[in-house]
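Analysis of the macromolecular model
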Amino acid sequence: MKSWAQDERPREKLLQQGVASLSLSELFAILFRSGVDGESALSLARRVLADYQNDLNILAQCEVRELMNNYKGIGIAKASAIIAAMEIGRRRKPKDADAYTLIRFSRDAYDYIRRFMEDLSHEEFWVIYLTQSNRVKGCECLSSGGMDGTVVDVRVLFRNALHRKAAYILIAHNHPGGTLRPSSYDEMITKKIFESGDLLNIKLYDHIIVGQGAYFSFADEGMLNYWRKAGR
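Presented here is a report on the structure given in the accompanying data block. (Residues numbered from 1 in each chain as written. Predicted model: local features only at pLDDT ≥ 70, side-chain atom pairs only at ≥ 80, totals over all residues. Heavy atoms only, no water.)

1. Remarks on the overall build of the protein
The number of helices and strands found in the protein is eleven helices and five strands. Counting over 232 residues, the protein shows a buried share of 41%. By sequence separation, contacts in the protein at least 24 residues apart represent 58% of the contacts at least 6 residues apart. Of the accessible surface of the protein, which amounts to about 12,700 Å², a share of 51% is contributed by carbon and sulfur atoms. Of the charged side chains in the protein, 32 are positive and 29 negative, and the gap between their average positions amounts to 5 Å. (Helix = DSSP H or I, 4+ residues; strand = E, 2+ residues; numbered from the N terminus. Buried < 20%, exposed > 50% of the residue type's maximum accessible area, 1.4 Å probe, protein only. Contact = heavy atoms within 4.5 Å. Areas by Shrake-Rupley, 256 points an atom, 1.4 Å probe, with all protein chains shown as cover. Lys, Arg positive; Asp, Glu negative; His and termini not counted. Charge placed at Lys NZ, Arg CZ, Asp CG, Glu CD.)

Next up, the structure:
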């Protein structure tokens, strides 16, 4: 391996010893492909990771422009490779997760959905489809917006729920700004989905607002029960 150029050694190590043998900086060096201005890809990777405390959760909050502006020699190709890798990791699901995940409480829902949206700098709205026994049939992002909100098409939500033969739905969105309290729009759209679900016999199980390491549950706060009683 010593005969290989420095930028190529992580790739050679991957071939000879497998991906599990690589350190975090070596994995990033492979993403970079080459160094800049006399600095190897491995050295550059170590420097970038050190600036973000070797914490992928912090790095995942970066934007392409931030990396390009902060590091001389990191252009759109290298910056985009990092952001794309973070997004791929965020979207990856544990093997057979949907087939075995049981959601009974708000904490179960938060633990399931947080990996998709916790590090985002913009809002996304997700729906989890549940069986009669509260097992996950699938989940998907229905809309993506800006820092302050995202618009949800209730018709699309229930069309997909009917297609999946869901007995319950659980909706979730994130608040990048940090506050967990629902906005007036959050309450309005939740009530609309709740009432539409009653008509279609696809019950709304909960609405989770995801923050950094914390969450808000409409069910836990008694809001769904209040609407249920008010509709009688």
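Let us keep going from here.
2. Side note on the packing of aromatic side chains
Using the criterion set out here, one finds seven aromatic pairs in the structure. Connected via pairs of aromatic rings, a cluster forms that spans Phe194, Phe216, Phe218 and Trp227. (Phe/Tyr/Trp six-rings, centres within 6.5 Å; stacked < 30°, edge-to-face > 60°.)

3. Considerations on the sheet that holds strand S1 (residues 124–130)
Read from one edge of the open sheet, five strands run S2-S1-S3-S4-S5, paired in mixed fashion. With partners counted over all chains shown, the strands left at the sheet margins are strand S2 (136–144) and strand S5 (215–217), one partner each. Averaged over all adjacent pairs, the angle separating strand axes in this sheet is 20°, with direction ignored. Pairing of S1 with strand S3 (residues 168–174), which is carried by six bridges, proceeds in the antiparallel orientation. By the bridge assignment, Trp126 is partnered in S3 with Ala172. Running over the sheet, helix H10 (residues 184–200) touches S1, S3 and strand S4 (203–210) and is turned about 160° from S4. (Pairing = 2+ DSSP bridges. Axes fitted to C-alpha atoms, helices over the stretch in contact; angles between N-to-C directions.)

4. Here we look at the nonpolar core
Counting residues in hydrophobic clusters, the biggest one holds 22 residues, and the most contacted among them are Leu157, Phe158, Ile169, Ile171, Ile193, Leu204 and Phe218. At the level of secondary structure, the elements contributing two or more residues to this core comprise S1, helix H9 (154–163), S3, H10, S4 and helix H11 (223–230). Looking at which element gives the most residues to this core, the answer is H9, with four residues. Dropping the residues within four chain positions of it, Ile169 is found in contact with Val127, Ile128, Tyr129, Leu157, Phe158, Ala161, Ile193, Ile202, Lys203, Leu204, Tyr205 and Asp206. (Core = buried A, V, L, I, M, F, W, Y, C linked by side-chain atoms within 4.5 Å.)

5. Focus: the pairing of S3
Burial analysis of S3 places seven of its seven residues in the buried class, which makes it a mostly covered element. Along S3, one buried face is formed by Tyr168, Leu170, Ala172 and Asn174 and the opposite face, lined by Ile169, Ile171 and His173, is buried too. Where S3 lies against S4, seven bridges are found, and the strand directions are parallel. Bridge pairing in S4 places Ile169 opposite Leu204. Regarding topology, H10 serves as the crossover connection from S3 to the parallel S4, and that connection is right-handed. (Right-handed = clockwise from strand over helix to strand, strands pointing away.)

6. Some thoughts on unusual backbone geometry
The backbone of Gln53 sits at a positive phi, close to 60°, despite the residue not being glycine. Examined against the element boundaries, Gln53 turns out to sit in the loop between helix H3 (41–51) and helix H4 (56–59). Residue Gln53 is classed as exposed on the basis of its relative accessible area of 62%. A positive phi angle, near 60°, is found at Asn201, a position not held by glycine. Along the polypeptide, Asn201 turns up in the loop between H10 and S4.

7. A short note on the pattern of salt bridges
Applying the stated criterion across every chain yields a total of seven salt bridges. Close ionic contact of Asp111 with Arg107 constitutes a salt bridge, the shortest N to O distance being 3.2 Å. Placement of both Asp111 and Arg107 in helix H8 (residues 106–117) is noted, with a separation of four residues, approximately one turn of the helix. Classification of Arg107 by relative accessible area gives partly exposed; the value is 42%. Ionic pairing is found between Asp153 and Arg155, a salt bridge with its closest N-O pair at 3.3 Å. Overall, the relative accessible area of 31% leaves Asp153 in the partly exposed class. Take Arg155: its relative accessible area is 68%, and that puts it in the exposed class. (Salt bridge = Lys/Arg side-chain N within 4 Å of Asp/Glu carboxyl O.)

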